[in-house]
Amino acid sequence: MDGSVVRHIATLAQLSLTQDEERELGGDLERILAFVAELEAVPTADVPPMTHANLADAAAWREDVVTPGLDHDEAMSGAPRVEGGGFAVPGFVG
Amino acid sequence: MDSIVDIAGRVTRGEASAREIATDAVRRMKAGAELGAFISVLEDELLAEATAVDERRARGEALGPLAGVPVAVKDAICTRGVRTTAGSRALEGWVAPYDAHVVSRLRAAGAVVCGKTNMDEFAMGSSNENSAFFPAKNPHDPTRAPGGSSGGSAVAVAAEMAPASLGSDTGGSIRQPAALTGIVGVKPSYGRVSRFGLVAFASSLDQIGPFAGDVRGAARVLGVIAGHDPRDMTCRALEAVDFEAACGRDVSGLRLGVPEEYFAEGLDAEVETRVREAIAALEARGCKVAPVHLPHTKHAVATYYVIATAEASSNLSRYDGVRYGLRVEPQGGLAAMYGATRDAAFGKEVKRRILLGTYVLSAGHYDAYYAKAQRVRTLIARDFDAAFAEVDAIVCPTSPTPAFPLGERTRDPLSMYLSDVYTLPASLAGVPAVSVPCAPTAAGLPVGLQIVTRRDDEATALALAAAWEADRGPLPRARGAVT
């Protein structure tokens, strides 16, 4: 697989790969994609996609009521950096 | 060690205190430490919880069906106040601020959480060798893998460090390690058990289920963790089933289908012999055995690795170093932080799957891979519908081979993926399946019989598993089991 394709996919996935990783994972990706290409030959013209095992009868609808959740401190308890009670990130607006 | 049912009975009757059971569990977990089953041994928490159970009993309160039973919990399942790593550097120091639904149910039933078990990173693997920390070892032969991804949960029970454990199964991650370590593992129907508090891998496939040394114990734990939870919109409001009572059901007259596609090239000859012995025993009990066809089985591995990686690439986008988990902050702003964080957080197999999933969802490839795989998934599910019009259960091997040596499949991701060839189809179809041990191989390695039933019919699978277990008799203890 072309290195530029691997880099494009890695960018979409927000992964920074080393050159060694790029080469190795690119090779793996190519072999796995060659393996899953067997699906192409399966006739599926009139077959609907199965997006989920049971969305149709799951409890997708419920009353819109407020239920107890995490309080603010609990919700922030795992954050690597908190400023002013919010999640802090490096600046991204110039 | 004593079974789940025995321990709960003794604690309920006051013949043993939860505290002494817990103290023994701590001793066992420490004695078996070299097997790598646990990422966290919760000694202090366990003893405190057990003491609380004893105090409830002293006050005359009802204790529940798992009174004083130590349960090991896969480290992908959140436990309030103690770390939950999912086997990843990404969550190495993360402490969940809440209990998963299943953990709340365990505690309400009187169980005590004894430790958090080792696993392949984010449940991606079939040998437990993808743990970011250390591999788990098979107690029947420590040079071999225990299976995965719930390897630590299987080892905890097989090596008699805990009477029960919870795992999660996306493509076989409960059943395959159960088979390879010689214990019972149950993957419930999709939607039977709430996923609230389970670190997500592939959400249309993930299910939590129990491991136990015997079928009745597994049935009891399943009964405790099953049930509707509005916090998981895919968890269904099904009628409660007495799974434990199902273990005593007469199985004569049940129709068993033997899928020819599962007894094909790649199946170890000794595994086939052991599995066919179990099927013959069920036939001798009056089950009617007939061949069935699941013609799309051969496409299950490809279908699974497209769908599961696509879902994983989306689910794992949350590990960005902002809200929880590892953060690496180099110069270069937000995008550099995302990249550096995720590069440091994830191991090779996780990166491989994120890349594959991102690729199959990307513009120009979505229809050819992802949409196509979803259509083939429909065909695989229809195979089961057609088979279950003819038979009540499908019986087959859980894994094509017994436990394989550590390191044998780590260099070739496809050979590792093929370890799951017999467990993936039921996951894709959303139907329940139980793995119950057959007699071991001549070399003493465990073999699993997989029993797959109609959606929501775990009871029939458990009934058949219990019948075979009774005919089979006790198994030899694992050589590495703690005494």
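Residues numbered from 1 in each chain as written. Chains lettered and ligands numbered in written order. Predicted model: local features only at pLDDT ≥ 70, side-chain atom pairs only at ≥ 80, totals over all residues. Heavy atoms only, no water.

A separate point is the sheet that holds strand β11 (residues 448–453) of chain B. Residues and elements named next belong to chain B. Spatial strand order, β1-β3-β2-β4-β6-β5-β10-β11-β9-β7-β8: eleven strands in an open sheet with mixed pairing. Since the sheet does not close on itself, it has two edges, and those belong to β1 (38–41) and β8 (288–292), each with one partner. Ignoring which end each strand starts from, the neighbouring axes of this sheet average 25° apart. Relative to strand β4 (residues 164–169), strand β2 (residues 70–74) is paired through three bridges, and the arrangement is parallel. If you follow V73 over to β4, its bridge partner there is L166. Together, β8, β9 (393–397) and β11 form the strand contacts of helix α13 (residues 366–388), whose direction differs from that of β9 by roughly 120°. (Pairing = 2+ DSSP bridges. Helix = DSSP H or I, 4+ residues; strand = E, 2+ residues; numbered from the N terminus. Axes fitted to C-alpha atoms, helices over the stretch in contact; angles between N-to-C directions. Contact = heavy atoms within 4.5 Å.)

Let us now look at the nonpolar core. Residue and element names in this part refer to chain B. In terms of nonpolar packing, the biggest core is built from 170 residues, with L106, F122, F346, F384 and L449 touching the most fellow members. Per-domain counts for this core show at least three residues from each of domain 1 (4–256 + 394–472) and domain 2 (298–376). The residues touching L449, leaving out its near neighbours within four places in the chain, are V275, A278, I279, L282, V395, C396, T398, V434, S435, V436, C438 and W468. Counting seven residues, the second largest nonpolar core, distinct from the first, contains A154, I174, I183 and F211. (Core = buried A, V, L, I, M, F, W, Y, C linked by side-chain atoms within 4.5 Å. Buried < 20%, exposed > 50% of the residue type's maximum accessible area, 1.4 Å probe, protein only. Domains from an automatic or database assignment.)

Residues and elements named next belong to chain B. You can read the domains of chain B as domain 1 (4–256 + 394–472) and domain 2 (298–376). Domain 1 and domain 2 are separated by 27 Å when their C-alpha centres are compared. Both faces considered, domain 1 and domain 2 share a buried interface measuring about 2,200 Å² in area, 68% of it formed by carbon and sulfur atoms. Looking only at domain 1, the three residues that lose the most surface to domain 2 are M124, F201 and Y417, adding up to 28% of its buried area. For the pair domain 1 and domain 2, the interface holds zero salt bridges. (Buried area = accessible area lost by both parts, 1.4 Å probe. Salt bridge = Lys/Arg side-chain N within 4 Å of Asp/Glu carboxyl O.)

What follows is about the pairing of strand β3 (residues 112–117) of chain B. Note on strand geometry: in a regular strand, side chains alternate between the two faces of the sheet. Residue and element names in this part refer to chain B. With respect to burial, β3 is a largely interior element, six of its six residues being buried. In terms of strand pairing, β2 meets β3 through five bridges, oriented parallel. Bridging from a neighbouring strand, K74 pairs with T117 of β3. Note on the crossover from β2 through helix α4 (residues 101–108) to β3: the handedness is right-handed. (Right-handed = clockwise from strand over helix to strand, strands pointing away.)

Turning our eyes to something else, we now look at unusual backbone geometry. All names here are of chain B. Following G148, the chain continues to S149 via a peptide bond in cis, the omega torsion being 10°. One non-glycine residue with positive phi stands out, namely A123, at about 70°. Turning to its location among the elements, A123 is positioned in the loop between β3 and α5 (151–158). In this structure A123 comes out as buried when scored by relative accessible area, which is 7%. If you check the backbone angles, N128 has positive phi at about 70° while not being a glycine. Take N128: it is sitting in the loop between β3 and α5.

The first and last C-alpha atoms of helix α10 (residues 300–315) of chain B sit 22 Å apart over 16 residues, in line with the 22 Å expected at 1.5 Å per residue. Among the 16 residues that make up α10(B), 15 are buried, leaving the element largely enclosed by the rest of the structure. (Expected span 1.5 Å × (residues − 1).)

Our focus in this paragraph is the interface of chain A and chain B. Taken together, the contacts link 53 residues of chain A with 68 residues of chain B. Of the roughly 5,200 Å² buried where chain A meets chain B, counting both sides, 67% is carbon and sulfur surface. Sorting the residues of chain A by area buried against chain B places I32(A), L39(A) and M50(A) first, and these three jointly supply 13% of that buried surface. One can count six salt bridges joining chain A with chain B. With a closest N to O distance of 3.0 Å, E329(B) and R81(A) form a salt bridge. At the boundary of chain A with chain B, the tally comes to 16 residue pairs in polar contact (both at pLDDT 80 or more). Breaking the side of chain A that touches chain B down by element, the ones donating at least two residues are α1 (3–12) and α2 (19–36) of chain A. It is α2(A) that contributes the most residues to the side of chain A that touches chain B, ten residues altogether. (Polar contact = N/O pair within 3.5 Å; in protein donor to acceptor, adjacent residues only side chain to side chain.)

Before going further, it helps to spend a moment on helix α3 (residues 43–58) of chain B. All names here are of chain B. Look at α3: 23 Å from first C-alpha to last across 16 residues, which is about the 22 Å you get at 1.5 Å a residue. Within the span of α3, buried status applies to L46, L47, A50, V53 and R56. Where α3 is buried, its residues touch α1 (4–13), α2 (18–31), α4 and β3. Just downstream of α3 lies G60, where phi reads positive at about 85°.

On to the side chain of S150(B). All names here are of chain B. As for its placement among the helices and strands, S150 is situated in the loop between β3 and α5. Looking at S150, its side chain comes within polar contact range of the main-chain oxygen of S168, at 3.0 Å. Of note is the side chain of S150, whose polar atom sits 2.8 Å from the backbone oxygen of S173.

Residues and elements named next belong to chain B. Of the two faces of strand β5 (residues 184–187), the one lined by V184 and V186 and the one lined by G185 and K187 are each fully buried. Both β5 and strand β6 (residues 207–212) contribute to a ladder of two bridges, which runs antiparallel. When the bridges of β6 are listed, V184 appears paired with A212. Where β5 meets strand β10 (residues 433–437), three bridges bridge the pair, whose relative direction is antiparallel. By the bridge assignment, G185 is partnered in β10 with S435.

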